[in-house]
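Structural overview for review
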Amino acid sequence: MSELRSKAEHTAAIRDLRRAVLVVNTRSRKGRHSYFASLRLLEADGFRPLRSYAVMDPSRLPQTINEALDQRPDLLVVGGGDGSLSEAVKHVAHRDVALGVLPLGTTNNFARSLGLPLDLAQAVKVFSRGKVADIDLGMAGDRPFANLASFGVSVEVAGTVKPWLKRALGRAAYPLTALAVLPGHKPFRAFITVDGRRHELLTHQLNIANGRYHGGWQIARDISIDNRRLVAYQLGSGKRLRLIAETMVRAAGGRWRSLAGGPFVTGGEMLLETEPSIAADVDGEVRLRTPLTIRTIPNGLRVMVPPRFVDT
């Protein structure tokens, strides 16, 4: 872990020195059309990137981000979807560099949780007019994540949803794919232990969120990516029709206004056990299985956010 400047010093360095590196995943939903536009907008806002990278092969993204960080920028600007940004989070966590987000994906959950504008030009302006904040970092086992660990039907959806459908329909592609996958999916029993209390449920879908958004829709208004808490919640129950109904309600604009009004379990650390053992989708990457300990690391990641973002 490198020694960190104060957030005020870091913000001043970005505004005064404009030491940035640009990395764009051109395979993300909007990335292939946005690399040169992003570069022009950065330069128009006074940035002269030390290096810029258009990543056409997503498997090269980890190596590219490492190369970008070797330039020792104050600001690493990454354009892509939640998968690209989650990869960047792994490399930026605990380092004296701020992550600048260009939301070029389908759902842009991470950008939404940070209160960032989804318009490219407005997102770039945050780098010169915003501030450095430190937010919570999720950990699933030993894997850092930004947004969400999910279990159940969404794991199948992640491996099934077609790229052309995401390009055509955007975030609506996910609930539609879920409806196609669900008839063959079996429910599972989950046990969540938080602060010594064990919660049991039967469901087709369980999510454990670090941020406020999932699938591009708000989970609840009072969830924060900077409150030192994870939020676990199920969609539906063990009955498929309940999940279909809740999926459609969520797709129509969300269901819960407050943590007090929904089936939530909250805490800084959770042990998840399931019967049977199932795969975990951690920010779009399926590599881990239950049982799994999921926790939050307060102030584990530095990001550029709008001035109105509440940094605790």
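Please refer to the structure higher up on the page.
Below is a summary of the structure that appears in this document. Here the structure is a predicted model, which means the values were calculated and not measured.

A closer look at the packing of helix α2 (residues 35–44) against helix α6 (residues 120–129)
- Close contact between α2 and α6 brings their axes to 10 Å; oriented N to C, the two are set at 40°. As judged from the angle between their axes, α2 and α6 are oblique. Where α2 crosses over α6, the handedness of that crossing is right-handed. Touching Ala 37, Ser 38, Leu 41 and Leu 42 of α2 are Leu 120, Ala 121, Val 124 and Phe 127, all from α6.
- Grouping the constituent residues of the contact of α2 with α6 by class yields seven nonpolar, one polar and no charged.

Focus: the side chain of Arg 143
- For Arg 143, the position within the fold is in strand β6 (residues 143–145).
- Ignoring sequence-local partners within four residues, the contact set of Arg 143 consists of Ser 86, Lys 90, Gly 138, Val 282, Asp 283, Glu 285 and Leu 288.

Focus: unusual backbone geometry
- Pro 276 follows Glu 275 through a cis peptide bond whose omega is 0°.
- Of note, Pro 276 is situated in the loop between β15 (269–275) and β16 (279–282).
- With an omega of 5°, the peptide bond running from Thr 290 to Pro 291 counts as cis.
- Topologically, Pro 291 is positioned in the loop between β17 (285–289) and β18 (292–305).
- In this structure, Asp 283 takes a positive phi of about 50° despite not being glycine.
- Positive phi values are uncommon outside glycine, yet Asn 299 reaches one of about 55°.
- Residue position: Asn 299 is located in strand β18.
- Take Asn 299: its relative accessible area is 31%, and that puts it in the partly exposed class.

Quick notes on helix α1 (residues 7–17)
- Within α1 the residues assigned to the buried category are His 10, Thr 11, Ala 13 and Ile 14. Seen end-on, α1 carries its buried residues on one side only, within an arc spanning 160°. Projecting away from the buried face of α1 at angles above 90 degrees are the exposed residues Ala 8 and Asp 16.
- As for α1, its buried residues are in contact with β3 (75–80), β4 (98–103), α6, β5 (131–140) and β18.

Parameters at a glance
- Residues numbered from 1 in each chain as written.
- Predicted model: local features only at pLDDT ≥ 70, side-chain atom pairs only at ≥ 80, totals over all residues.
- Heavy atoms only, no water.
- Axes fitted to C-alpha atoms, helices over the stretch in contact; angles between N-to-C directions.
- Helix = DSSP H or I, 4+ residues; strand = E, 2+ residues; numbered from the N terminus.
- Parallel < 35°, antiparallel > 145°, perpendicular 65-115°, else oblique.
- Left-handed = near helix turned anticlockwise from the far one by under 90°.
- Contact = heavy atoms within 4.5 Å.
- Nonpolar A, V, L, I, M, F, W, Y, C, P; charged D, E, K, R; others polar.
- Buried < 20%, exposed > 50% of the residue type's maximum accessible area, 1.4 Å probe, protein only.
- Arc of directions from axis to C-beta.

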